[in-house]
Structure formats: structure tokens, C-alpha cells
Amino acid sequence: MMRSLTASLLAALALAACSRTPVPAETRAQDTRTFNAITPTLTATPGADLYQGTMDGIRGKAAYAIEVPANWNKQLIMYTHGYAGDGPDLRVQTPALREYWLSLGYAWAASSYSSNYYDVQAGVEDTNALANSFSTLTGGKYAQPSKNIIMGFSMGGHVAAAAVEKETAQTAKNRTTYAAAMPACGVMDEEYEFQWLGDYTLVAAQLAGLGPKAFPQGTDTYKALLPDILNANFSSYSGALWQENATQGAKLREIARNLTGGDRPVFNLGFRVAALQGAVFSTGGSDGTVTGILPRNIYGNATTTYRWTTGATPTPAEMAFNASILRVTPAKDPNPALPDRVRYLPRVNGEVSVPVLTLHTTGDFYVPFRHQQLYRAAMTAAGNGDRLVQRAVRAPGHCDFTAAELVEGFNDLVKWEATGVKPAGDDVTTPAVVADPNYGCTFTRGTRPGVDACPAN
């Protein structure tokens, strides 16, 4: 009787399963795009073997380059490039420290990733896949490395930081172990970057009296209003440096200062860099999906208080401004966990087990210094504060590092990984420290135009 009942139950369950309405697969604009991997045509460094071509990536073909010096030390540096735009062609970008790494005996490799746009998922998965294929792609001449290190800039910094996270190790389709990571000018909080871009463009429009009444506004509507938004906030925006006006522009500057990490050297100069202002303003009017990387809106400002003064409480004018500005709530679970790969925007939670050394310019207006403060908080909350060294560089640009700053950071990271002796870094969270006029002098090598020189030792 029991066997008969069980058989009937199984049959009923099977029938129910067949009759269910299939759950539609979640789609994104990124899933509809196609790309073309361009085989690199690099010239080998004398004394090194160069391998280049295309290979399968998570979204299609990706281009790659691998270079191995004659005196290879059996270690591999994976280089992760920054945002490459939204064009169809995928190209390998060579690292600034290429010759230096080879001279020390390191091999390096880089993927174009199998897509453009802000596709950090592809960056992580395709970089890992390339690392795993090192021996195969070098024709078996070289064994798999004894140690992998990862370094990247900007979006590539996001890739490098996410690559050493616990969640990535547990969820990635292509899993790789790294001994250390060096994210430079990186997106160290996958949500904050897009909150910042949404906040700034919304605030600028509201200060101009042209704030949207509904979300999303739409990029075409926003672009039509942008000249008037700029005219209301800037007295000049045609040269290499913009100049905010003394009324709405000054408020915009101070709101931006508070949103990007507080008072610090070089902020004012970074705020005026035309290229960075242009990059930030170009993101206005968007729908919060990071140009189709996410299936739903990630932006929200429902609990944000915008301040341009420094008193203990908002002024009446600030209260009125906050009451008038459009409030947006993010969609539920806009960056969901996925069953067979890392998230669309891989998490940077501070759950790491290897040394991480970061560099960030204090004046970066595109990927602001605030990222370092949030990363420090995440690492500390995860119990990994001792695994993080952060260095501030006194420069106004995005990824505006000298060769000496990069070399010093890299050397200190690999020595730390090899010996366990932690190098020095900067305090990025104490407001009085960060606001000191000489902040960032410890690890800045070279003075940039318009930036005050550090005191002589």
C-alpha cells in the first residue's frame, strides 16, 4: 500500500512540475550586446616570450596577452584594465609596469575581457580563466605559476579587489587563488560609485532649478537640460579646468566634498578638472541599471541628507533643498547572487585572506577617495583590517600616479606577502588627519601642477 501511495505521489508531483508556468529568465541590456575580440599585435620585450590571441570568455571571445621573461621567477601578475567604453571592439591593455615586472622576473598576463561597458563580472571571470590557462596558452613550455598576484586600475581595481573576496572564491565559474592584490584608484564599494554619480547629477540639476520630478528622467531629456544646468553652476566650463560660481556652484562643490570623503588636500582642484566633471555629468538621467549591466535600478537617495554647510544641523535652506529634491528608492535585489558565476557587480565585502595594498588620489572626482574609507570600514568589520594598507597620493586626476608611486607600492606589497612584514600606510578615515594640508605627503612621489609641494624632510 505504501509503495502504491508513493508512486501516486511522485506521479502527481511530476504532473504538477510539467504544468507550472516557466519562470522567465532574467534579462539585461548587456545580454543583447555583441563584441569583437581583437587579437593583440604587441612586440615582445627583448629576452621575453610573448603569447597573444583570443580565447573563450564568459560572454564570448576575449583577447589576451601573456609575457614571460627568460629569468622567470615562477610568479604571474594578472593585470586588470579599467573601463574601456561601450564600443564593440575588445582590446588588451598593457600595464604601465610591464618592463619593470619583466626585469624582476615576473610574468604578466592581461585579458581584454569578453565585453565592454562596466562589466566587472566579465573582468573577474575572464581574468581568472586566463590565469588558469597560463600553461596551455604558452604551449606547455611553462608550468602553471607557483603564485598569482593581481593588480588593476579603476574598474580594474574593482576586478582586482573582488577577485580576492570570499564570495568570489565560492561563486565564480572560474576560480583562481591570488597571493596578494593591488587595486589602484579602484571602485572599492560596488554600490557607492553609482550612488555618487546619481547624487551629483541630481543635485546639480536641482540647484539649477531643473531637477527631475520622476525617475528615471531619461538621458535624452537630461542631455537637453545639461547646458542650462552647467550655466547655473559654473561661470566657466570650456577649458581644462572649470570654475564654479559663488552661488549654486559653491553649494554644489561643498555637497560634493561631503559626499566624496570630506575635506582633504587637492579636492578643490580635482573638482575643477574638466575631464572628470565631464565624465560624471555624462552619467546623468540614467535608469540606475549601470547602462544595462544590472537588471534593475541600484540607485537610491531616500535617506541621504545633502549639506553644503558644516554646522551640527542643516540650515533652513538646506532643509528646504532636501525637502524639494526628488527621492528615489532602489529596486529590490538589483544585483542578485547568481547560481553559476559571480554577481553582475561582484561584491567587495572585505572578506579576504591575503594582503591588499591600495593607492588612491585625494582629488579623484570620478572614483572618489570615499571608496577607500568605505573599504577600510568593510575590512575592519570583517576582521581583516590588518590585511589592508592604503596610501593617499596628492593628485587631482583619476589614476594620476607616477611610476615611482606604483613601483614603491608594488615592491612593498610583494615584500609584505613574502615576509609577513606589513608596510606603512595612511589613515583614511580620521577627518582631522585627512583634512591636514600635508595629508598624502608620505607616499606622494613628485609634485603635480597646481598642487602644493610637501614640506622638505
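Computed from a predicted structure; not experimentally measured.

Some thoughts on the layout of surface pockets
- Within this model, the largest pocket holds a volume of roughly 800 Å³.
- Taken together, 38 residues form the lining of the largest pocket, with Leu197, Ser282, Thr283, Ser286 and Thr291 sitting closest to its centre.
- Elements represented by at least two residues in the lining of the largest pocket include exactly helix 7 (192-207) and helix 8 (219-233).
- Among the elements that make up the lining of the largest pocket, the one with the highest residue count is helix 7 (7 residues).
- The class makeup of the residues in the lining of the largest pocket is 21 nonpolar, 14 polar and 3 charged.
- The space that makes up the second largest pocket amounts to roughly 500 Å³.
- Tyr192, Asn258, Leu259, Arg370 and Leu374 are the residues nearest the centre of the second largest pocket, which is lined by 23 residues in total.
- Counting only elements with at least two residues in the lining of the second largest pocket, the list comes to helix 7, helix 9 (248-259), helix 13 (370-381) and helix 15 (431-434).
- Split by residue class, the lining of the second largest pocket holds 10 nonpolar, 8 polar and 5 charged.

Here's the deal with the nonpolar core
- Ile66, Trp101, Tyr118, Trp196, Tyr200, Phe281 and Phe365 are the most contacted members of the largest nonpolar core, which totals 121 residues.
- Ranked by residues supplied to this core, first place goes to helix 7 with 10 residues.
- Among residues more than four places away in sequence, those in contact with tyrosine 200 are Phe234, Leu252, Ala256, Phe271, Gln277, Val280, Phe281 and Phe365.
- By size, the runner-up hydrophobic cluster in this structure holds 5 residues, among which are Phe369, Ala392, Val428 and Tyr439.

Observations regarding the sheet that holds strand 11 (residues 356-361)
- One open sheet holds the 8 strands; their spatial order is 2-3-6-4-7-8-11-12, and the pairing between them is mixed. If you trace the sheet from one side to the other, it starts and ends with strand 2 (48-57) and strand 12 (388-393), each paired once. Between one strand axis and the next, the sheet turns through 15° on average, direction left out of account.
- Contacts from helix 5 (residues 155-163) reach strand 4 (75-80), strand 7 (147-153) and strand 8 (180-184), with the element oriented near 150° to strand 7.

Criteria and thresholds
- Residues numbered from 1 in each chain as written.
- Predicted model: local features only at pLDDT ≥ 70, side-chain atom pairs only at ≥ 80, totals over all residues.
- Heavy atoms only, no water.
- 1 Å grid on protein atoms, 1.4 Å probe; cavity = no way out; pocket = protein on both sides within 12 Å on 5 of 7 lines; lining within 4 Å.
- Points joined across faces, edges and corners; volume = space filled by probe spheres on them.
- Helix = DSSP H or I, 4+ residues; strand = E, 2+ residues; numbered from the N terminus.
- Nonpolar A, V, L, I, M, F, W, Y, C, P; charged D, E, K, R; others polar.
- Core = buried A, V, L, I, M, F, W, Y, C linked by side-chain atoms within 4.5 Å.
- Buried < 20%, exposed > 50% of the residue type's maximum accessible area, 1.4 Å probe, protein only.
- Contact = heavy atoms within 4.5 Å.
- Pairing = 2+ DSSP bridges.
- Axes fitted to C-alpha atoms, helices over the stretch in contact; angles between N-to-C directions.

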